[in-house]
Amino acid sequence: MLTNYFTLRALVREWNPLLAGSRLVDAYSQHKGSLILVFASDSGALHSLNLSVQSPNRHLFRFDGSNRSRRNVVDHFAKLRTRLLESIELEFGDRLIYLDFEGGHRLLLAPFGPKANVFHIDPVGDVVDSFKGSLPQTVPEVRPANMPQDAAHVENLLASGRPVRKVWPLLPPALLDEVRHRAGLTEDPVALFNLASEVIAQVEHPDPCMYVDEDGAPTFSLLPPATNENAVERFDSVDEAVRVCARKRLAHSRFEGSLKPLLGLIRKRLDHSLRSLGRVESELLRPSRGDRYEYEGHLIMSQPHLVESGSETVTIPDILGDGALVTIRLDSRLTAIENAQRLYEKAKTTRAARDVAMDRLEGLREHAEQLERLHADTLGIATVAEVREFEQ
């Protein structure tokens with residue numbers, strides 16, 4: 001909900017009295033896809049807007065002061081430096097934010113969507129600069145979302161096959177879940193319309209909070225969700241809640257980005273180890289082929305006269321057992337005695353390989369157990385610093 005329409009509307013309402021009347025003193029980028037706009041009030045207090053157009057961590061939040069680095073910084077929007085910010089406006093029904101400066105200049109923040117960007121628009125409406133890409137560029141088209149005005153409209157939309165989540169396009173999934181939770185999962189248009197209207201009225205006076213979702217990610221909400229079973233942290237303002245949550249989500253993203261490759265590597269090695277262990281165990285559970293080769297060699301050696309020269313197989317009675325006929329594969333290039341000797345050699349080789357497998361078995365088990373412990377330990381890592389320490 002960090003980039004939802006209602007969240008942006010609440011932020012604009014809180015930022016206007018704080019930022020209107022201040023001057024833009026800096027605009028720079030020191031991370032890919034991230035733009036920081038720094039405003040100074042008449043008292044000299046600095047306020048920065050941090051905007052990211054880089055998926056998946058798109059956000060917009062304010063913080064006190066400025067954190068400009070000394071190196072690897074790119075400056076932007078030099079023509080707007082020192083200009084007075086007159087107001088901040090949010091396009092009705094859309095997520096386009098306008099920073100209106102003295103002299104008719106505007107910054108259009110369009111940080112969401114496939115062509116997320118920031119544009120400097122001059123007094124005649126031309127784009128004279130942009131955060132991303134080269135000129136000429138056109139600004140995004142305003143597309144206010146249509147929200148149902150009554151229960152009959154809701155009924156018509158549902159009857160046309162539109163899912164509930166698209167009936168109220170401005171409501172984020174968390175607030176739609178809240179509506180459906182209050183409705184008891186009913187599809188009754190009147191109940192849904194009344195409860196959606198109730199939720200929308202409540203976000204006019206938000207009770208901002210943050211909680212951890214089922215994936216462990218910090219999540220912002222304008223209202224404490226009734227569907228959430230985790231602890232909720234409340235805030236005095238949407239501005240503060242969005243700032244804290246955005247930073248925690250960035251930290252969580254960095255953590256996931258460092259942990260997942262490590263987990264994937266250990267999981268891959270563990271899977272390979274378990275497959276190797278399984279193959280060896282399966283092989284050792286089967287009767288030794290060495291015994292069979294040796295037995296077939298004895299049968300041929302005791303009845304060489306029954307083996308025809310050039311044959312690929314021979315069927316002879318099992319005179320060492322129950323007398324039943326046994327078919328043995330031969331090397332057609334060898335004599336009967338040479339085939340028997342070949343079978344004795346295969347028996348020797350197979351037994352040696354089995355002995356090696358027995359020796360490997362314990363080592364494979366220990367290796368698999370070690371990787372399982374590593375995997376379990378990795379699942380307990382909670383910070384990027386712990387990932388780095390684990391990797392060392």
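The rules behind the values
Residues numbered from 1 in each chain as written. Predicted model: local features only at pLDDT ≥ 70, side-chain atom pairs only at ≥ 80, totals over all residues. Heavy atoms only, no water. Core = buried A, V, L, I, M, F, W, Y, C linked by side-chain atoms within 4.5 Å. Buried < 20%, exposed > 50% of the residue type's maximum accessible area, 1.4 Å probe, protein only. Helix = DSSP H or I, 4+ residues; strand = E, 2+ residues; numbered from the N terminus. Pairing = 2+ DSSP bridges. Axes fitted to C-alpha atoms, helices over the stretch in contact; angles between N-to-C directions. Contact = heavy atoms within 4.5 Å. Parallel < 35°, antiparallel > 145°, perpendicular 65-115°, else oblique. Left-handed = near helix turned anticlockwise from the far one by under 90°. Nonpolar A, V, L, I, M, F, W, Y, C, P; charged D, E, K, R; others polar.

Caption draft 1: View of the nonpolar core. In terms of nonpolar packing, the biggest core is built from 67 residues, with F6, L37, I97, L99 and W168 touching the most fellow members. Looking at which element gives the most residues to this core, the answer is helix α1 (residues 5-19), with eight residues. Among the nonpolar cores identified, the runner-up in size contains 12 residues, and Y293, I328, A336 and A340 belong to it.

Caption draft 2: Region of the structure containing the sheet that holds strand β10 (residues 127-130). With antiparallel pairing, five strands are arranged side by side in an open sheet as β6-β7-β8-β9-β10. Strands at the two margins of the open sheet, each flanked by one partner only, are β6 (85-90) and β10. Looking at each pair of strands side by side, their axes are set apart by 20° on average, direction ignored. Two elements, β6 and strand β7 (residues 97-101), share five bridges in a ladder whose sense is antiparallel. What sits directly across from L85, in β7, is F101. Against the sheet, α1 makes contact with β6 and β7, and its axis sits at roughly 165° relative to β6, the strand it touches most.

Caption draft 3: A look at the packing of helix α2 (residues 151-159) against helix α5 (residues 189-203). Where α2 meets α5, the closest approach of the two axes is 8 Å, and the angle between their N-to-C directions is 120°. Here α2 lies oblique to α5, going by the angle between them. At the point where α2 passes α5, the crossing takes the right-handed sense. Contact residues: A151, V154, E155 and L158 in α2; P189, V190, L192 and F193 in α5. Taken together, the residues of the contact of α2 with α5 sort by class into seven nonpolar, no polar and one charged.

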